[in-house]
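# Structure assessment
What follows is the residue order along each chain.
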Amino acid sequence: GIQVEQSPPDLILQEGANSTLRCNFSDSVNNLQWFHQNPWGQLINLFYIPSGTKQNGRLSATTVATERYSLLYISSSQTTDSGVYFCAVHFGNEKLTFGTGTRLTIIP
Amino acid sequence: DAGITQSPRHKVTETGTPVTLRCHQTENHRYMYWYRQDPGHGLRLIHYSYGVKDTDKGEVSDGYSVSRSKTEDFLLTLESATSSQTSVYFCAISAIGRNTEAFFGQGTRLTVV
């Protein structure tokens with residue numbers, strides 16, 4: 001079946017550190033999104049990035065579709081960055097398939 | 001923020017009772033989805049809709065039914081709730097499916113006792 005794998009599963013960092021989260025997928029994709037689930041459970045859209053690189057403030061993302069991976073970069077981490085980060089992909093149909101997430105904890 | 005409202009936000013129900021969750025959107029998007037989130041499983045698709053009266057199953061559809069009689073409303077029904085259906089349920093919308101961004105509602109926490 002279709003596989004979406006995220007690494008690392010857990011990450012604990014000091015405030016101010018940088019981090020890289022990875023999403024690997026097992027087939028060609030039409031669509032890839034990154035989400036942040038905050039401690040209150042809300043799913044926040046970060047990037048819609050089927051290919052290429054995008055930046056939004058301290059966050060940036062790169063998807064290399066031909067090599068089937070995407071990276072999310074967080075620079076100068078803040079405590080509000082804590083939560084779970086999900087990538088999700090469309091594999092040529094209407095269904096959006098999620099990875100199991102990376103839990104990020106930022107320590108003051 | 002995308003105009004998506006889920007109701008109720010929290011519900012406790014007894015095993016064997018029927019439960020209906022509602023997702024309402026104000027974006028006039030064609031696609032609507034129901035997901036459930038459980039520890040260790042991430043988000044898994046239950047059912048989705050690609051238009052009024054057009055629905056299809058996801059990977060965990062057993063025990064659930066859906067209906068979409070209007071563009072703006074997508075209902076998820078548990079015909080006879082079981083403890084294994086205790087979960088957080090999320091509704092999502094997207095304009096035209098695979099090549100457009102999906103947006104999520106705030107979730108419904110359902111507990112079946």
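Structure: above.
A short tour of the structure in this document, coming up. Keep in mind that this is a model prediction, so the values were computed, not measured. (Residues numbered from 1 in each chain as written. Chains lettered and ligands numbered in written order. Predicted model: local features only at pLDDT ≥ 70, side-chain atom pairs only at ≥ 80, totals over all residues. Heavy atoms only, no water.)

If you walk through the whole model with that rule in mind, you get two disulfides over all chains. Here C23(A) engages in a disulfide with C87(A); their sulfurs sit 2.0 Å apart. Between C23(A) and C87(A) the sulfur-sulfur dihedral comes to about 70°; the bridge is accordingly right-handed. Placement of C23(A) in strand 3 (residues 19-25) and of C87(A) in strand 9 (residues 83-90) is noted, with a sequence separation of 64 residues between them. The exposure class of C23(A) is buried, given its relative accessible area of 0%. By relative accessible area, which is 0% here, C87(A) ends up buried. Put simply, C23(B) and C91(B) are joined by a disulfide, and their sulfur atoms are 1.9 Å apart. (Disulfide = S-S within 2.5 Å. Helix = DSSP H or I, 4+ residues; strand = E, 2+ residues; numbered from the N terminus. Buried < 20%, exposed > 50% of the residue type's maximum accessible area, 1.4 Å probe, protein only.)

Here we take up the pairing of strand 7 (residues 64-70) of chain B. In this sheet, strand 8 (residues 73-78) of chain B lies alongside strand 7 of chain B in antiparallel orientation, the contact comprising five bridges. Directly across from S65(B), in strand 8 of chain B, lies its bridge partner T77(B). (Pairing = 2+ DSSP bridges.)

Below, the discussion takes up the nonpolar core. Residue and element names in this part refer to chain A. Of all hydrophobic cores here, the largest spans 22 residues; its most connected members are W34 and L72. Elements that contribute at least two residues to this core include exactly strand 2 (10-14), strand 3, strand 4 (31-37), strand 5 (43-48), strand 7 (59-64), strand 8 (69-74), strand 9 and strand 11 (102-107). The residues contacting L72, other than those within four sequence positions of it, are S19, T20, L21, W34, L46, F47, S60, A61 and Y85. (Core = buried A, V, L, I, M, F, W, Y, C linked by side-chain atoms within 4.5 Å. Contact = heavy atoms within 4.5 Å.)

Contact residues are listed per partner, giving 20 residues for chain A and 21 residues for chain B. Carbon and sulfur atoms make up 53% of the area that chain A and chain B hide from each other, which totals about 1,800 Å². Applying the counting criterion to the chain A and chain B interface returns zero salt bridges. Elements supplying a minimum of two residues to the side of chain A that touches chain B: strand 4, strand 5, strand 9 and strand 10 (96-98) of chain A. In terms of residues, the side of chain A that touches chain B owes the most to one element, strand 4 of chain A, which gives four residues. Class assignment of the residues belonging to the side of chain A that touches chain B gives a composition of six nonpolar, twelve polar and two charged. (Buried area = accessible area lost by both parts, 1.4 Å probe. Salt bridge = Lys/Arg side-chain N within 4 Å of Asp/Glu carboxyl O. Nonpolar A, V, L, I, M, F, W, Y, C, P; charged D, E, K, R; others polar.)

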